[in-house]
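Observations on the three-dimensional arrangement
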Amino acid sequence: MLKGGWTGKILWIDLTKEKSTIWKYDPSMALHYIGGRGFAIRILWDHLKPGVDPLHPDNLLIFAVGPLTGFPLPSSGKLVVASKSPLTGGYGDGNIGTKASVMMRKAGYDAIVVEGKADEPVYVYVEEEDVTIHSAKDLWGADVREVHKELTNKYGRDSGILTIGKAGENLVRYAIVMSEEDRAGGRPGMAAVMGSKNLKALVIRGEKPLPAVDEKTIKELGAKAYKDIKGAPMYPHWMEQGTMMIYEWCQENSVLPTYNFREGFFEEADKVTGKVMAEQYKKYQKGCPNCNMPCGNVAEAKKRYKGTKAEMDYENVAMLSSNIGVSNMDDVIKLIREADDLGVDTISVGSAIAFAIEAYKKGYLKEDELDGIKPDWGDAASALDLMHLIIERKKFGDVLAAGVRYASLRLGGDTVKFAMHVKGLPITAYDAHVAPGMALAFGTSSIGAHHKEAWIIAWEAQYGFEKVDKTKVEKVIELQRIRGGWFETFVTCRLPWIEVGLSLDYYLTFMEAATGIKYSAGDLNRIADRIYTLIRGFWIREYGYWMRSMDMPPMRWFEEPLTQGPKKGAHLSLDAYNQMLDTYYELRGWDRNGIPRRSTFDNLGLSKEARELEAMGIELTP
Ligand code: PTT
Ligand code: SF4
């Protein structure tokens, strides 16, 4: 029996049958998977037919919170959105800060699962046990801000609203789910899955109390944690620049993605730094529920797109500035605003634009394939045109809408070497020519190339970029456990811990106060390993095979040394990477091809899942 923390219920909505059911799940799922992505992978493994096309109605779209979500403790207004990814074909998820997270808890659910497909565009309104499906014909085609406004007017400012833009409707495989105009989550195409179900939006409301075993401790300890955050030495700097404070650091360390990750140093970086953003463009900042360190810095363009506003997170800015050679802040603001309104992932679309520029300049693409667009580094106008070509899926935009992996397979030749992705997911904004640890983090991230699990780069700079040893590999795994395991299952924002140093001990006490269960750090790490291994099992199940090359970053970083900046000449070593990957597999209990050993499955309580893989003909090493 669950005493607190969890609501114990999952809402299951079938859009084909136009009906919903409340599932009182087995408490062992909570104990062994906690919530968030733990629930997501468990549900996908148990309820998704292997081999389903991600855009088929049978695919499942899961919104999941965790036992800490919504409580009055730091930055607890987060939600995981997960599915089988149409971009990678494997497990995909993202984390979004939104009122919908708190409302889902207040409505009485730990997760909402959507299956099937509506006959025509709809949105779903959930108010506790009351679930209704409404026509969204009038909202189809509308941009994210319009939909948000419309639904807010109808259901009130405190409603939780998750929506898709045109990118999701048009099944762009890296369409991202949006909330509150510029919060975004689900890079691996979670909004395309929503679009494939004709689901324009989900609106959630509730007033139920959140279940806690020891409410008093949560309140008191939460208040203390909020105070610690405000008193942290980094707090003022963070409040000024948010995630943008890393921009200059990346430039100094030659890890700022530049010209499609060809370089790590951008000669015009000084025009787009966090300082410039904060001092010259920032208008206000906003944040997720229950957060006292809001990082949503909203900047306003001054000249070319005067009045246009957008949220300036580091990844957005780097991928739509240095990575495509753009250095005018007004242009960057406009590109981000457009991506948010269309509901497309800024990182993946930045990667697709950079890939197209490079392919065009190298003669792989002709003007007529790009509808007359002549893309070039630093040309923001053509970048904007390319973004629209992709969203409208016109000409080669249709191919780019399937991601850079697919586009490079279509074009062939050397394009495979500059399609900057791992497992089909475009790399987030860290160039790793000089950073083998970060390269390994991208190579082994459970959803494809994302820093969300092992953002090792700051630690690696201090430890020594040049070092390639077991300690570094252990650090990657430690971060994957905490970031990809703890925070993605609690579900709360990890930034209080990373950015201002809030102690991890708080979370163990929060968990005990919420659920009545005393989890140790070791218990949580074991759960994280179980989730990581099951996710790897899911990829293998969906692909039907696995090879270590699927855990490799692109060849560009090995074969094309940096040509500019203080680290000129630097590149990754293939031998060193392979050595790290071997150590990684060994520490994880996976074989030389990256397939978990039978004993690893058994030790983590996943024997049944191992047998299922074996029954499919996958050979597991003992
Ligand atoms: C995340 C990825 C990131 S990571 C950024 S900026 W970052 C980009 N944001 C986008 C955006 O905005 N608009 C858009 N159209 N596309 C975007 N794509 C990119 O998506 C985000 C913050 C940030 S800002 C980060 S690091 C942290 N991520 C967390 C996480 O993953 N887990 C967790 N428990 N806490 C986290 N806290 C931080 O949240 P994806 P958000 Mg995002 C405009 O989801 O798929 O992982 O992609 O959620 O609410 O916007 O907050 O420098
Ligand atoms: Fe949201 Fe930023 Fe606060 Fe995290 S730190 S909860 S992403 S506003």
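A quick note: this is a predicted structure, and the numbers were derived from the prediction, not measured.

**A word on the overall build of the chain**
Assigned secondary structure in the chain consists of 26 helices and 17 strands. Scaling as 2.2 N^0.38, a compact globule of 622 residues should have a C-alpha radius of gyration of about 25 Å, and the chain matches this with 23 Å. Across the 622 residues of the chain, 65% fall into the buried class. Long-range pairs, those at least 24 residues apart, make up 70% of the contacts in the chain with a sequence separation of at least 6. Accessible surface, the chain as shown: approximately 21200 Å² in total, 48% of it carbon and sulfur. Side-chain charges in the chain split into 79 positive and 84 negative, and the spacing between the mean points of these groups amounts to 1 Å.

**Let's talk about the domain arrangement of the chain**
Interfaces are frequently sized by the accessible area removed from exposure as the parts join. We note that the domain assignment places domain 1 (9–205), domain 2 (242–425) and domain 3 (436–501 + 520–615) within the chain. Domain 2 and domain 3 are separated by 26 Å when their C-alpha centres are compared. Contacts between domain 2 and domain 3 engage 30 residues on the former and 39 residues on the latter. Carbon and sulfur atoms supply 61% of the area buried between domain 2 and domain 3, which totals about 2600 Å² over both sides. Taken together, domain 2 and domain 3 are joined by 4 salt bridges. Its salt-bridge partner being Glu 560, residue Arg 262 comes within 3.1 Å of it at the nearest N-O pair. Across the domain 2-domain 3 interface, the total number found is 16 residue pairs in polar contact (both at pLDDT 80 or more). Its residues assigned to classes, the side of domain 2 that touches domain 3 shows 14 nonpolar, 6 polar and 10 charged.

**Considering the sheet that holds strand β14 (residues 296–300)**
Taken together, the 3 strands give an open sheet; going across it, the order is β13-β14-β15, and neighbouring strands pair in antiparallel fashion. Only two strands of the sheet have a single partner each, and these edge strands are β13 (282–286) and β15 (309–311). Adjacent strand axes in the sheet meet at a mean angle of 25 degrees when their direction is disregarded. With 3 bridges connecting them, β14 and β15 associate as antiparallel partners. Bridging across to β15, Glu 300 finds its partner in Lys 309. Strands β13 and β14 of the sheet are contacted by helix α10 (residues 274–281), whose axis makes an angle of about 105 degrees with β13.

**Side note on the coordination of the magnesium atom of ligand 1**
The protein atoms donating to the magnesium atom of ligand 1 are Asn 95 (O) and Ala 184 (O), with metal-donor distances spanning 2.5 to 2.7 Å. Of the two residues, Asn 95 sits in strand β5 (residues 91–97) while Ala 184 sits in strand β11 (residues 183–185), which places them 89 residues apart along the sequence.

**A short note on the pairing of strand β2 (residues 19–24)**
Where strand β1 (residues 9–14) and β2 come together, 6 bridges link them in antiparallel fashion. Paired with Asp 14 across the two strands is Lys 19, which belongs to β2. As consecutive antiparallel partners, β1 and β2 are separated by 4 residues, and within that stretch Glu 18 has a phi angle of approximately 55 degrees, a positive value.

**Observations regarding the pairing of β14**
In terms of residue burial, β14 counts as a mostly covered element, since 5 of its 5 residues are buried. Covered by surrounding structure in β14 are Gly 296, Val 298 and Glu 300 together with Asn 297 and Ala 299, the residues of both alternating faces. When β13 meets β14, the two strands line up antiparallel, connected through 4 bridges. Across the sheet, the residue bridging to Lys 286 is Gly 296, located in β14.

**Points about the pattern of salt bridges**
Applying the stated rule across the entire model yields 49 salt bridges. Across the salt bridge formed by Lys 271 and Glu 268, the nearest N and O atoms sit 3.0 Å from each other. Overall, Glu 268 belongs to the partly exposed group, its relative accessible area being 27%. The partner of Asp 551 in a salt bridge is Arg 536, and the shortest N-O contact between them spans 2.9 Å. Taken as a pair, Asp 551 in the loop between α22 (521–543) and α23 (556–559) and Arg 536 in helix α22 lie far apart in primary sequence, 15 residues in all. In this pair, the class of Asp 551 matches that of Arg 536, namely buried.

**Details of the side chain of Glu 128**
Residue placement: Glu 128 occurs in the loop between β7 (122–127) and β8 (130–135). There is no salt bridge for the buried Glu 128, and the closest opposite charge comes from Lys 208, which lies 4.7 Å off by N-O distance. If we ignore the near neighbours within four places in the chain, the residues touching Glu 128 are Lys 106, Ala 107, Tyr 109, Arg 205, Gly 206, Glu 207 and Lys 208.

**Remarks on the site of ligand 2**
The immediate surroundings of ligand 2 are formed by Ser 75, Lys 78, Arg 183, Gly 287, Cys 288, Cys 291, Met 293, Pro 294, Cys 295, Cys 493 and Leu 495. Of the residues belonging to the shell around ligand 2, the class tally is 7 nonpolar, 2 polar and 2 charged. Residue contributions to the shell around ligand 2 reach at least three from each of two domains, namely domain 1 (9–205) and domain 2 (242–425).

Conventions adopted
In this convention, every chain numbers its residues from 1, walking through the sequence in written order. Lettering of chains starts at A and numbering of ligands starts at 1, both following the order in which they are written. With pLDDT at 70 or above as the cut-off, local features in this predicted model cover only qualifying residues; side-chain atom pairs require 80 or more to be listed or tallied, and sums for whole chains, interfaces and linings still use all residues. With hydrogens and water stripped out, all remaining heavy atoms of the structure feed into the side-chain values. The helix count covers DSSP runs of H or I at least four residues long, the strand count covers runs of E at least two residues long, and both are numbered beginning at the N terminus. Radius of gyration means the value over C-alpha atoms here, while the globule rule gives 2.2 Å times the residue count to the 0.38 power. Buried residues are those whose accessible area, probed at 1.4 Å on protein chains only, stays under 20% of the maximum for their type, while exposed residues exceed 50% and partly exposed ones sit between those limits. Contacts are assigned to residue pairs that have any heavy atoms within 4.5 Å of one another. Here the Shrake-Rupley method, with its probe set to 1.4 Å, supplies the accessible areas, and only the displayed protein chains count as covering residues. For the charge count, each Lys or Arg is scored as positive and each Asp or Glu as negative, with His and the chain ends excluded. Lys charges are placed at NZ, Arg charges at CZ, Asp charges at CG and Glu charges at CD. Domain delimitation follows an automatic or database domain assignment. Joining two parts hides part of their accessible area as seen by a 1.4 Å probe, and the buried area is that hidden amount summed over both. Criterion for a salt bridge: a side-chain nitrogen of Lys or Arg within 4 Å of a carboxyl oxygen of Asp or Glu. Counting of polar contacts relies on pairs of N or O atoms within 3.5 Å, with two restrictions inside protein: one atom must be capable of donating a hydrogen and the other of accepting it, and residues adjacent in sequence are counted only when both atoms are side-chain atoms. Polar here means any residue other than Ala, Val, Leu, Ile, Met, Phe, Trp, Tyr, Cys and Pro, which are nonpolar, and Asp, Glu, Lys and Arg, which are charged; Gly is therefore polar. Any two strands with at least two DSSP-identified bridges between them are counted as paired. Axis lines are fitted through C-alpha atoms, for helices just across the contact stretch, and the angle between N-to-C directions can take any value from 0 to 180 degrees. Listed donor atoms are N, O and S within 2.8 Å of the metal (Na, K and Ca: 3.2 Å). As water is not included, a site may look incomplete. The rule for a residue being near a molecule or strand is that one of its heavy atoms must lie within 4 Å of it.

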